[in-house]
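# Remarks on the overall topology
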Amino acid sequence: MRLRTKILLSYLAVVMIGLLVISVSTTFVAPRNFAHRMEMMMDDEGETEHGQGRGMMGNGSGYGPPTEAEINQRFRDALNESLLWAGAAAIVASLVISTFVTWRITRPIKVMVSASQRIANGHYEERLPIQQRDEIGDLLHSFNQMAESLQQTEAMRQQLTADVAHELKTPLTTIMGMMEGLEDGVIEANPATFHLVHQEADRLRRLVQDLQELSRVEGGQITFNRLAHTPAELVKFATDRLAPQFADKDISLSINIPPTLPPVRADLERTGQVLINLLGNALQYTPSGGHVEASAQPIDQSIRFAIRDSGVGLTEADLTKIFQRFYRVDKSRSRTSGGSGIGLTIARHLIESQGGTLWAESAGLGMGSIFYFTLPLA
Ligand code: ADP
């Protein structure tokens, strides 16, 4: 039952109890009270008559039958007294009911106040029991949801700090080790050594760059200049930049985009960045002699882009995890290639911010992968 109905019913209950008590009182108590008063008056009259030998003259001064005014007075007294008792009973009833209703409303609010103070002090595991099915129950439910998302955010923050520390540690340790080896003369100061140190420093630079980009994307600080672009134009933006690397690694790159496809509403550079990331991954995780294909086709009110490769493929479990930040399937392999595991997280944000979705499919390890994303039509 909703709170509004409960409060309304409690008011009605108080009114009903008041009416009931008054009706009982005027039906049963008041007549008896009146009869009792009349009896007492008659007794007084009798005593007066007997003791002083006066006849009942009915003149209101102790002689004769009671006058109409005296009867009216007794009736009013009897009624007033009964109503006084009835009023007292109704007040007690309304006090009991309103105290109960107020307690039912204020108790969960007090509990919530102390729970929110505990959350403010960092106890994010705080949850409230929900017994009510009214607006108060809804409020407690929302409170628990808020606590849940605060707890998740806090866990993510802690995880991110731990991940960043871990990611920074590896190249730094390598650089430190190299420098110490050079100082001690254990490692030779030749171009190969300098190249290794340079590689590690470059990895750090890329990691910091990716983190900056990630925080800008997650903080919604990136502005999108969304204009009408044909799918072919977007894909060309990326393939023009990556074609030499595909040729170097001897991986064939084919583009299968019908020229009749309508344009999508997208930011050329940001979408190009996503395509470069997906094509770059396809290039990286496909052995030499393999094949990569970029295609697009209309689906509902959007265009679905697909980057298909004949590479190492992904397991069912990895298909969702790869979009989490810092997740890499083969840590050592992608580490040597410089991957930070943030690329797909950023890519998904960039696509979702433009009203699309990004996901991956694969038939399994060694079976290649397909990365899909959609963009709304212009
Ligand atoms: P990274 O910089 O490590 O490539 P990404 O976020 O781009 O980071 O990718 C996360 C992980 O997803 C990669 O480390 C890799 O294991 C896996 N992955 C991405 N693309 C592919 C692909 N085309 N084929 C197989 N695995 C892939």
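Residues numbered from 1 in each chain as written. Predicted model: local features only at pLDDT ≥ 70, side-chain atom pairs only at ≥ 80, totals over all residues. Heavy atoms only, no water.

## Here's the deal with the site of the ligand
The ligand sits among 21 residues. The nearest are N281, D309, V329, G341 and L344. Measuring from an oxygen atom of the ligand, one finds a backbone N or O atom of G343 at 3.3 Å. Backbone polar atom of L344 to an oxygen atom of the ligand: 2.7 Å apart, as the coordinates give it. When the ligand sits alone it has 530 Å² of accessible area, and the protein chains cover 96% of it. Placement of the ligand is best described as lying within the largest pocket. For the shell around the ligand, the secondary-structure elements that each account for two or more residues are α6 (268-284), α9 (343-352) and β7 (369-376). Ranked by the residues each element gives to the shell around the ligand, the list is headed by α6, at three residues. Split into classes, the residues belonging to the shell around the ligand amount to ten nonpolar, nine polar and two charged. (Near = heavy atom within 4 Å. Polar contact = N/O pair within 3.5 Å; in protein donor to acceptor, adjacent residues only side chain to side chain. Areas by Shrake-Rupley, 256 points an atom, 1.4 Å probe, with all protein chains shown as cover. 1 Å grid on protein atoms, 1.4 Å probe; cavity = no way out; pocket = protein on both sides within 12 Å on 5 of 7 lines; lining within 4 Å. Sits in = over half its atoms within 2 Å of the grid points. Helix = DSSP H or I, 4+ residues; strand = E, 2+ residues; numbered from the N terminus. Nonpolar A, V, L, I, M, F, W, Y, C, P; charged D, E, K, R; others polar.)

## Remarks on a nonpolar patch on the surface
A surface patch of nonpolar side chains, amounting to about 400 Å² of accessible area, comprises M1, L8, L9 and L12. Looking at the element boundaries, L9 is found in helix α1 (residues 3-52). Of the residues examined, L9 reaches a relative accessible area of 40% and is grouped as partly exposed. (Patch = residues over 30% accessible without salt bridge, like charges linked within 9 Å, V, L, I, M, F, W, Y side chains within 5 Å. Salt bridge = Lys/Arg side-chain N within 4 Å of Asp/Glu carboxyl O. Buried < 20%, exposed > 50% of the residue type's maximum accessible area, 1.4 Å probe, protein only.)

## Points about the nonpolar core
In terms of nonpolar packing, the biggest core is built from 44 residues, with L278, F305, I307, F371, F373 and L375 touching the most fellow members. A per-element tally of this core places α6 first, with six residues. The two domains that each donate at least three residues to this core are domain 2 (135-218) and domain 3 (227-376). Residue contacts for F373: discarding those within four places in its chain leaves T271, V274, L275, L278, I303, R304, F305, I351, T357, L358 and W359. Counting nine residues, the second-largest nonpolar core is a separate cluster that includes M112, L128, I136 and L140. (Core = buried A, V, L, I, M, F, W, Y, C linked by side-chain atoms within 4.5 Å. Domains from an automatic or database assignment. Contact = heavy atoms within 4.5 Å.)

## Considerations on the packing of aromatic side chains
Taken as a whole and assessed by the stated rule, the structure comprises five aromatic pairs. Judged by centre distance (5.6 Å) and plane angle (85°), the ring pair of F34 and F75 falls under edge-to-face. Of this pair, F34 sits in helix α1 while F75 sits in helix α2 (residues 68-120); the two residues are 41 residues apart in sequence, bridging distant segments of the chain. For F34, a relative accessible area of 21% gives the class partly exposed. On the accessibility criterion, F75 (44% relative accessible area) is partly exposed. Judged by centre distance (6.2 Å) and plane angle (35°), the rings of F100 and W103 are tilted. Here the residue F100 and the residue W103 both occupy positions in helix α2, the gap between them amounting to three residues, near one helical turn. Judged by its relative accessible area of 49%, F100 falls in the partly exposed class. (Phe/Tyr/Trp six-rings, centres within 6.5 Å; stacked < 30°, edge-to-face > 60°.)

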